[in-house]
Amino acid sequence: MNKNFDSKDTSDGRKVKRSKREEAKVNPWTHKDYSFKYFDILEKRKELPVYEAYETLIDLVKENQIVILQGETGSGKTTQVPQFLLESGIGGDKNVACTQPRRVAAMSVAKRVAEEMDVRLGEEVGYSIRFDDKTSAKTRLKYMTDGMLLREAMVDPLLSKYSIICLDEAHERILNTDILFGLIKEVLPNRPDLKLVVMSATMDADKFQKYFEGAPLLDVPGRMYPVEIFYTEEPEEDYFAGAIKTIVQIHAFEEKGDILLFLTGEEEIENACAEIKDEVKKLDGVGDLSVIPLYSSLPPAMQQRIFEDPPPRNKHGIEGRKCIVSTNIAETSLTIDGIVYVVDPGFSKQKVYNPRLRIESLLVSPISKASAKQRSGRAGRTKPGKCFRLYTEHSYKKELDNNTIPEVLRSNLGQVVLTLKKLGIDDLVHFDFMDPPAPETLMRALEELNYLGALNDEGDLTKLGDEMSQLPLDPNLAKMLLDSVERKCSGEICSIVSVLSVPNVFMRPKECIKKADIAKSKFAHPDGDHLTLLNAFENYKYNKEDQKWCWNNFINFRSMKSASSIRAQLVNQMNNFGYKIELSPKRPKEYLDRIKKSIVSAFFMQVAHQERAGHYMTVKDNKVVLIHPSTAIDHKPEWVLYHEFILTSKNYIRTVSEINPKWLLEIAPDYYDLEEFSNNEIKKKLLKIQKKMIS
DNA sequence: GAGCACTGC
């Protein structure tokens, strides 16, 4: 049933036609003569494996509404295919879009393709990502993030601007890509002129073809150097120790070439770096080794170190090498040239979601075969390489899953449900997900959105829900912001929401924990962490967003900067709704209560009560929790609201504020229907408060 | 009394 094609299918007759295409001296887009650079680049483009597939691809796209293109690293699919499609004229006057999971990719590929087409970036070729839109009326080929296309679909459900959409890196199965799959599948029958090209590295081709209704598959070879794979003979009991040992052996016995080691997190990586340095010091007659950690929370300047040259020959004339110890960031997001050896212990931290407990947590888990292949491929970018897998060949074959579980099965779907509702998809249970999430996960999301007032009892989007769906925020935070308008504290809440949606703004480097804690205490607000965050943000603004000020106050500049851009975007969006975002010049106690009530309006489902025994227990779930030690609260309030529940060494609630329990009953009476509460201390207390309120 | 894989709008 499935039609499969090989790039070799191109007939000679077609090749003649193609060479004519290349004879042009005048750029059809600009009507100017092509530059010399254009022809230089063209020669290199011709060497890409995908170049051979031009005619086959165009024919397939002409004849089919959906085409699947499989091409490994180095095939050139991301840069060439959208160009080919545009050039072919299949799409007529409409535009070609190509989605990417990551912002940097969308940006850098667009830049490259603009050069290849000899046009200016932002004119015929552009990109569109959050906070940065480099497109114009002239733009015909647009690289964008998946999330951006999803946003566009909210305004233009038929995606009427486009004639061809390429969904790239489909094998990664990012949340947004999966939603686009289902969405575009629904759009296609209503847009017979729209073409979809699903592009991917090696994937489960059968599954993709089945999902995309038997779409033909075009397979393009990659261009990589061979990588020799080594497995351990016996299962490795301690992958950390094994990894250190392997690095030392490579450094002592293997030829020149840099090393990349995959570990799971910041702490592990820092420890490994220290140990590797120690062990290498003990060796005689070896070259110098620079050991470089790499993870996302590392400051950009430190991340740049991975591109440094390896150390020069030492006094014995032996060449040096560098060893990069990295999280999964080096698996897809960052590519480092010159890596010859990859060490893969086979683990990574993965998000898991438990709908019953409503908790997303990170768990160190075995990687998939696809991930292992991706990791080993990192050794063959510039010359033949070697990959040392610290597990047996048997466990690779029998124990590792073929593919990483798609994100849609591991996430809280609150925002997804809101997005789908806004896109006009009412029957979520029958939405055509490539991998449908557990019904319980969907139910949880629907239930929470109903409590927040985003969906009515029929499951339809309310006016509030409609506005929430348009804000680039988690549903809780979106609710908080919209609620603040009527309480006239939108300026403050807008800042709080922005800071809550970026990584932690308070730095706490191991070397100066005390200093950092003192610095933080200057921002501390006795009522809680939400107001503390507001303090920090306002001080950042007051100090003119100065990087030095951040450094001196142990504030994460990167986080603050992005909070600031988010805030600007939110203000803009809120103004579009017709709401003004205003700060109050003075904030008496009553005003602080208003801020806290807005927080309660969104997080009433995340409240804990201090029991007589002294510990905290969460409302409704009845889980015993501890307030995270990072809190700014210096006393033990009876009722607290928390922003997140984190499961690490203990059950912690983090980012906590004191609240008045009366507000819970006032603001969220449906959720606080005490008849549904189990008979415990919390219920008794709330009943008492209720009685007082009535009398 | 202590920990944060990675993305994205």
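Remember, predicted model here, so these are calculated numbers, not experimental data. (Residues numbered from 1 in each chain as written. Chains lettered and ligands numbered in written order. Predicted model: local features only at pLDDT ≥ 70, side-chain atom pairs only at ≥ 80, totals over all residues. Heavy atoms only, no water.)

> What should I look at first to understand the overall build of chain A in this one?
For chain A, the count of helices and strands is 26 helices and 22 strands. Taken over the C-alpha trace, chain A has a radius of gyration of 28 Å; the compact-globule value for 695 residues is 26 Å, and the two agree within 12%. When the 100 basic and 103 acidic side-chain charges of chain A are each reduced to a single mean position, those positions are 4 Å apart. (Helix = DSSP H or I, 4+ residues; strand = E, 2+ residues; numbered from the N terminus. Rg over C-alpha atoms; globule rule 2.2 N^0.38 Å. Lys, Arg positive; Asp, Glu negative; His and termini not counted. Charge placed at Lys NZ, Arg CZ, Asp CG, Glu CD.)

> Looking at this structure, how should I read empty space enclosed by the protein?
It is a probe the size of a water molecule, rolled over the atoms, that shows where empty space is left. The full count for this structure, using the stated rule, is one cavity of 30 Å³ or more. Considering the residues around the largest cavity, the lining is formed by R151, Q415, L418, T419, M468, S469, L471 and L473. Going through the elements one at a time, α15 (414–422) and α17 (463–470) are the ones with two or more residues in the lining of the largest cavity. Looking at the lining of the largest cavity element by element, the count peaks at three residues for α15. Tallied by class, residues from the lining of the largest cavity come to four nonpolar, three polar and one charged. (1 Å grid on protein atoms, 1.4 Å probe; cavity = no way out; pocket = protein on both sides within 12 Å on 5 of 7 lines; lining within 4 Å. Points joined across faces, edges and corners; volume = space filled by probe spheres on them. Nonpolar A, V, L, I, M, F, W, Y, C, P; charged D, E, K, R; others polar.)

> What is the right way to look at helix α9 (residues 239–253) in this model?
Between the first and last C-alpha of α9 there are 21 Å, a value that for 15 residues agrees with the 21 Å anticipated at 1.5 Å per step. Two or three places before F240, at the start of α9, stands the capping residue D238, its side-chain oxygen 3.1 Å from that residue's backbone nitrogen. (Expected span 1.5 Å × (residues − 1). Polar contact = N/O pair within 3.5 Å; in protein donor to acceptor, adjacent residues only side chain to side chain.)

> What is the right way to read the side chain of N314 from this model?
Following the sequence through the fold, N314 ends up in the loop between α11 (300–303) and β13 (321–326). For N314, the side chain forms a polar contact with the main-chain oxygen of V286, separated by 3.0 Å.

> Help me out: how do you make sense of the sheet that holds strand β21 (residues 639–647) in this one?
Ordered in space as β18-β19-β20-β22-β21, the five strands form a closed barrel in which the pairing is mixed. Taken pair by pair, the neighbouring strands of this sheet meet at an average axis angle of 50°, ignoring direction. Relative to strand β20 (residues 624–627), strand β19 (residues 616–618) is paired through two bridges, and the arrangement is antiparallel. Across the sheet, the residue bridging to M617 is V624, located in β20. Each of β18 (607–610), β21 and β22 (651–658) is contacted by helix α24 (residues 589–603), which is oriented at about 50° to β21, the strand it contacts most. (Pairing = 2+ DSSP bridges. Axes fitted to C-alpha atoms, helices over the stretch in contact; angles between N-to-C directions. Contact = heavy atoms within 4.5 Å.)

> Hey, could you run me through the environment of E254 in this one?
In this structure, E254 sits in the loop between α9 and β11 (258–262). Accessibility expressed as a relative area gives 24% for E254, which makes it partly exposed. Separated by 149 residues in sequence, E254 and A105 have C-alpha atoms that sit 33 Å apart. Residues in contact with E254, not counting those within four places in the same chain, are Q249, R321, Y341, K386 and F388. At 2.8 Å, the side chain of E254 and the side chain of K386 are in polar contact. (Buried < 20%, exposed > 50% of the residue type's maximum accessible area, 1.4 Å probe, protein only.)

> Would you mind going over the UniProt feature "domain: Helicase C-terminal" (unreviewed entry) in chain A with me for this structure?
Per the UniProt record, the feature "domain: Helicase C-terminal" (unreviewed entry) sits at residues 246–424. Across residues 246–424, the secondary structure splits into 31% helix and 25% strand, with the terminal C-alpha atoms separated by 54 Å. (UniProt positions renumbered as here; feature names shortened; annotations may be inferred.)

> Just checking my understanding: could you explain the pattern of salt bridges for this structure?
One side chain can pair with another of opposite charge once the charged atoms of both are near each other. Applying the stated rule across the entire model yields 41 salt bridges. The salt bridge partner of E123 is R120, with a shortest N-O separation of 3.9 Å. Judged by relative accessible area, which is 61%, R120 ranks as exposed. Among the ionic pairs, R305 bridges to E308, the shortest N-O distance being 3.8 Å. Taking the relative accessible area as the measure of exposure, E308 reaches 40% and is therefore partly exposed. (Salt bridge = Lys/Arg side-chain N within 4 Å of Asp/Glu carboxyl O.)

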